[in-house]
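The residues making up each chain are set out below.
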Amino acid sequence: MSSSGIEKGVVTAEFEPPRGNRSRFAFACAILASMTSIILGYDIGVMSGAAIFIKDDLKLSDVQLEILMGILNIYSLVGSGAAGRTSDWIGRRYTIVLAGAFFFCGALLMAFATNYPFIMVGRFVAGIGVGYAMMIAPVYTTEVAPATSRGFLSSFPEIFINIGILLGYVSNYFFSKLPEHLGWRFMLGVGAIPSVCLAIGVLAMPESPRWLVLQGRLGDAFKVLDKTSNTKEEAISRLNDIKRAAEIPEDMTDDVIVVPNRKSVGKGVWKDLLVRPTPAVRHILIACLGIHLSQQASGIDAVVLYSPTIFLKAGLKSKNDQLLATVAVGVVKTLFIVVGTCVVDRFGRRALLLTSMGGMFLSLTALGTSLTVIDRNPGQTLKWAIGLSVTTVMTFVATFSIGAGPVTWVYCSEIFPVRLRAQGASLGVMLNRLMSGIIGMTFLSLSKGLTIGGAFLLFAGVAAAAWVFFFTFLPETRGMPLEEMESLFGSYTAHKKTNVMKEGKEVVEEH
């Protein structure tokens, strides 16, 4: 008999830790995993203000500047593409460490850059870290969290991205007081500090229980599940569900087993995901790619990266006012991401996505209209249009942050079957970063070609199309165990599938 107490699918233990301790442990795991997101958010936010000074100090053209701003996300495709295979090979926890190492090196390279090619090398190294971080943090948190709090805890990476963005904006404001050639270097170099904290903090993190099961380490997996589940019975149920999803026979109950027909290192996964997917997997893939495309193509990174430029076009002339308004954007974004996180398990993923995208459409329409009016009346101070422009930037980031921001990562990290999750999630991240890079590298040119107001009206059209896609294709996933998630998909009309609560568990009914 194995020491873990796993016997014929039944787990026993002499001591059951208090439920509160378990909740705190899962909470702590989510926070530590999300440290990569703080670093990522800081890099995004700090470049928004640092770009003003980098352009002047390194004598960059507008085209060079927008490439510098957006290329990070193109570079991140390298990390995103490798993240699924890497995390299946070395585990979720050490993949987080690897992401932090790339961030550390990238921050230092950018801070000491003396010319445009040098700083682009730093962006490349940091971009690889971005790709790893954006895939692995939500996947790890989803796999550790119990179903009852999965939405809340899986939203942590998005919360911490926004905290990082806010810290980047604040860093811009304070370091802007330094001489031009030093200020932007401190802005970028400070980003290396959280990477060191991450390397220390990861020592306290357990490995993902689902990854452990796929490696045949059932005893270690149960120990993690026992610490992160609300009850002992839930830990037993979660272990059995993971074994079933991984096609491990119930009679294999030792602490360490040899997984039959193991494909966890990627063999056959891409074929099952892309070449010969089942109808449910095909629906899941379309849902994941569609939600990531919608999140970025609706223009959020145009606002995050180019807030000072947008506020300049709106009528705020001084750099100080532009940076202060940008800090306000960061505050609003962070506050509303917390709101979205707190209600995602109460109101559900689908409702928040629809509400969020609807609000984004209205905000983008009003923002595009007000900026167009200002652009067509040069030399005039239209206070109402200026006020409307600033206000709708805030409402846009607020409505994005209550739904499309956090729910995208929660939804896409929980819907894939366990064997396809790492690679499936990495595909979504790759598309997300590709679209983010395209927006970042073309926004200045787009705003010149269509006018800045026209650019935001284009984003409003994308938001309207996204709302229709969400309404039609995305079923509700709130409360569903990860191992049963696949049963929700296969029908491309989302309203045909609903979840109902019964005795604390959700039962899927087809209408």
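Conventions adopted
Each chain has its residues counted from 1, running along the sequence as written. Local features in a predicted model are, by the rule used here, given only for residues with pLDDT of at least 70; side-chain atom pairs are given and counted only at 80 or more, and totals for whole chains, interfaces and linings are based on all residues. Excluding hydrogens and water, the side-chain figures rest on all heavy atoms present in the structure. Helix and strand definitions here come from DSSP, where helices need a minimum of 4 consecutive H or I residues and strands a minimum of 2 consecutive E residues; each element is numbered from the N-terminal end. When we talk radius of gyration, it's over C-alpha atoms, and the globule rule is simply 2.2 Å times the number of residues to the 0.38. Residue exposure (1.4 Å probe, protein chains only): buried if accessible area is under 20% of the type maximum, exposed if over 50%, otherwise partly exposed. Here, residues are in contact when the closest pair of their heavy atoms is within 4.5 Å. Surface exposure here means Shrake-Rupley accessible area, sampled with a 1.4 Å probe, where a residue is shielded only by the protein chains that are shown. Positive charges come from Lys and Arg, negative ones from Asp and Glu, while His and the chain ends are left out of the count. Just so you know, the charge point we use is NZ for Lys, CZ for Arg, CG for Asp and CD for Glu. In this analysis, rings of Phe, Tyr and Trp, with Trp reduced to its six-membered ring, are considered paired at centre separations within 6.5 Å, and the interplanar angle assigns stacked below 30 degrees, edge-to-face beyond 60, and tilted for intermediate values. Criterion for a charge above a ring: Arg CZ or Lys NZ at most 6 Å from the ring centre, at most 35 degrees from the ring normal. Detection works on a 1 Å grid of protein atoms alone, calling trapped sets that fit a 1.4 Å probe cavities and calling open sets with protein on both sides within 12 Å along at least five of seven lines pockets, with lining residues defined by an atom within 4 Å of a point. Grid points are joined across faces, edges and corners, and a volume is the space filled by probe spheres set on the points. Working definition of a nonpolar core: buried Ala, Val, Leu, Ile, Met, Phe, Trp, Tyr and Cys residues. They are joined through side-chain atoms within 4.5 Å. In this classification, the charged set is Asp, Glu, Lys and Arg, the nonpolar set is Ala, Val, Leu, Ile, Met, Phe, Trp, Tyr, Cys and Pro, and all remaining amino acids, among them Gly, are polar. Pairs of N or O atoms are called polar contacts if they sit within 3.5 Å, as long as, within protein, a hydrogen donor faces a hydrogen acceptor (for residues adjacent in sequence, only side-chain-to-side-chain pairs). Take a side-chain nitrogen of Lys or Arg and a carboxyl oxygen of Asp or Glu: if they are within 4 Å of each other, that pair is a salt bridge. To estimate the expected span of a helix, count its residues, drop one, and scale the result by 1.5 Å.

Of regular secondary structure, the protein possesses 21 helices and four strands. Here the C-alpha radius of gyration of the protein, 23 Å, is about what a compact globule of 511 residues would show, namely 24 Å. Along the first, second and third principal axes, the C-alpha set of the protein runs to 80 × 50 × 45 Å. Counting across all 511 residues of the protein, residues that qualify as buried make up 59%. Of all intrachain contacts in the protein linking residues separated by at least 6 positions in sequence, the fraction that spans at least 24 positions is 79%. A total of about 19,600 Å² of accessible surface is found on the protein, and carbon and sulfur atoms cover 66% of it. Of note, the protein has its 45 positive side-chain charges centred 5 Å away from the centre of its 37 negative side-chain charges.

This paragraph deals with the packing of aromatic side chains. Centre distance and the angle of the planes are the two values used to describe a pair of aromatic rings. Enumeration according to the criterion identifies 11 aromatic pairs in this entry. Taking the centre distance of 6.5 Å and the plane angle of 15 degrees together, the rings of Phe443 and Phe459 count as stacked. A residue pair is termed long-range when its members are at least 10 positions apart, and Phe443 in helix α20 (residues 421-450) and Phe459 in helix α21 (residues 452-473) qualify at 16 residues. This pair shows no difference in class: Phe443 is buried, exactly as Phe459 is. Every member of this aromatic cluster is reached through a ring pair, and the members are Tyr306, Phe443, Phe456 and Phe459. The cationic tip of Lys177 hangs over the ring face of Tyr173; the distance from NZ or CZ to the ring centre is 4.4 Å.

Our next topic: the layout of surface pockets. A volume near 740 Å³ is recorded for the largest pocket. Among the elements of the structure, α2 (35-57), α3 (62-90), α15 (300-314), α17 (349-375) and α20 are those that each provide at least two residues to the lining of the largest pocket. At seven residues, α15 tops the list of elements feeding residues into the lining of the largest pocket.

Turning to the nonpolar core, a few remarks are in order. Core analysis: the largest hydrophobic core is formed by 130 residues, its most contacted members being Ile54, Ile119 and Phe456. Element by element, the count of residues in this core is highest for helix α5 (residues 116-144), at 14 residues. Beyond its immediate stretch of four places on either side in the chain, Ile54 contacts Met47, Lys59, Leu60, Leu68, Ile119, Trp184 and Leu188. Ranked by size, the runner-up nonpolar core spans 18 residues in total, among them Leu225, Ala235, Ile236 and Ile248.

Below, the discussion takes up empty space enclosed by the protein. In this approach, a probe sized like a water molecule rolls over the atoms, and the result shows the empty space that is left. What the rule picks out here adds up to five cavities of 30 Å³ or more. The volume enclosed by the largest cavity comes to roughly 140 Å³. Along the walls of the largest cavity sit 16 residues, with Glu158, Ile161, Gln296, Asp301 and Arg433 positioned nearest its centre. Within the residue set of the lining of the largest cavity, elements represented by two or more residues are α2, α7 (156-175), α14 (279-297), α15 and α20. Grouping the amino acids of the lining of the largest cavity by side-chain chemistry returns nine nonpolar, three polar and four charged. Space inside the second largest cavity adds up to approximately 70 Å³. Looking at the second largest cavity, the residues that line it are Ile39, Tyr42, Asp43, Val46, Phe103, Ala107, Met110, Ala126, Leu188 and Gly191. When contributions to the lining of the second largest cavity are tallied by element, the ones reaching two or more residues are α2 and α4 (92-111). Sort the elements by how many residues they give to the lining of the second largest cavity and α2 lands first, with four residues. Here the lining of the second largest cavity is composed, by residue class, of eight nonpolar, one polar and one charged.

With that settled, the discussion passes to the environment of Asp62. You can see Asp62 is positioned in helix α3. In the structure, Asp62 is positioned 383 residues away from Ser445 in sequence and 8.5 Å away in space, judged by C-alpha atoms. When near neighbours in sequence (up to four residues on either side) are disregarded, Asp62 contacts Lys55, Leu444 and Lys448. A distance of 3.0 Å separates polar atoms of two side chains, one belonging to Asp62 and the other to Lys448.

The next subject is the pattern of salt bridges. This model, assessed by the stated rule, comprises 11 salt bridges. Across the salt bridge formed by Lys232 and Asp226, the nearest N and O atoms sit 2.8 Å from each other. For Lys232, a relative accessible area of 7% gives the class buried. Judged by its relative accessible area of 12%, Asp226 is buried. Its salt-bridge partner being Asp241, residue Arg244 comes within 2.7 Å of it at the nearest N-O pair. With a gap of three residues between them, Arg244 and Asp241 both fall in helix α12 (residues 232-245), about one helical turn apart. By relative accessible area, Arg244 is classed as exposed at 51%. Given a relative accessible area of 12%, Asp241 falls into the buried group.

You can see Arg210 is positioned in helix α10 (residues 209-214). A residue is classified by how much of its surface remains accessible, and Arg210, at 3% relative accessible area, is buried. Within the structure, Arg210 has its side chain in polar contact with the backbone oxygen of Glu143 (distance 2.6 Å). Those residues in contact with Arg210 that sit more than four places away from it in its chain are Thr142, Glu143, Arg238, Ile242, Val418, Arg421, Leu482 and Glu483.

This brings us to α7. For α7, with 20 residues, the first-to-last C-alpha span of 28 Å sits near the 28 Å given by 1.5 Å per residue. With respect to burial, α7 is a largely interior element, 15 of its 20 residues being buried.

All right, on to unusual backbone geometry then. Residue Lys59 is not a glycine yet carries a positive backbone phi of 55 degrees. You can see Lys59 is positioned in the loop between α2 and α3. Among the residues examined, Lys59 registers a relative accessible area of 65% and is labelled exposed. For Thr451, which is not glycine, the phi torsion reads 75 degrees and is therefore positive. Mapped onto the elements of the fold, Thr451 is located in the loop between α20 and α21.

Keep in mind these values describe shape, not function.
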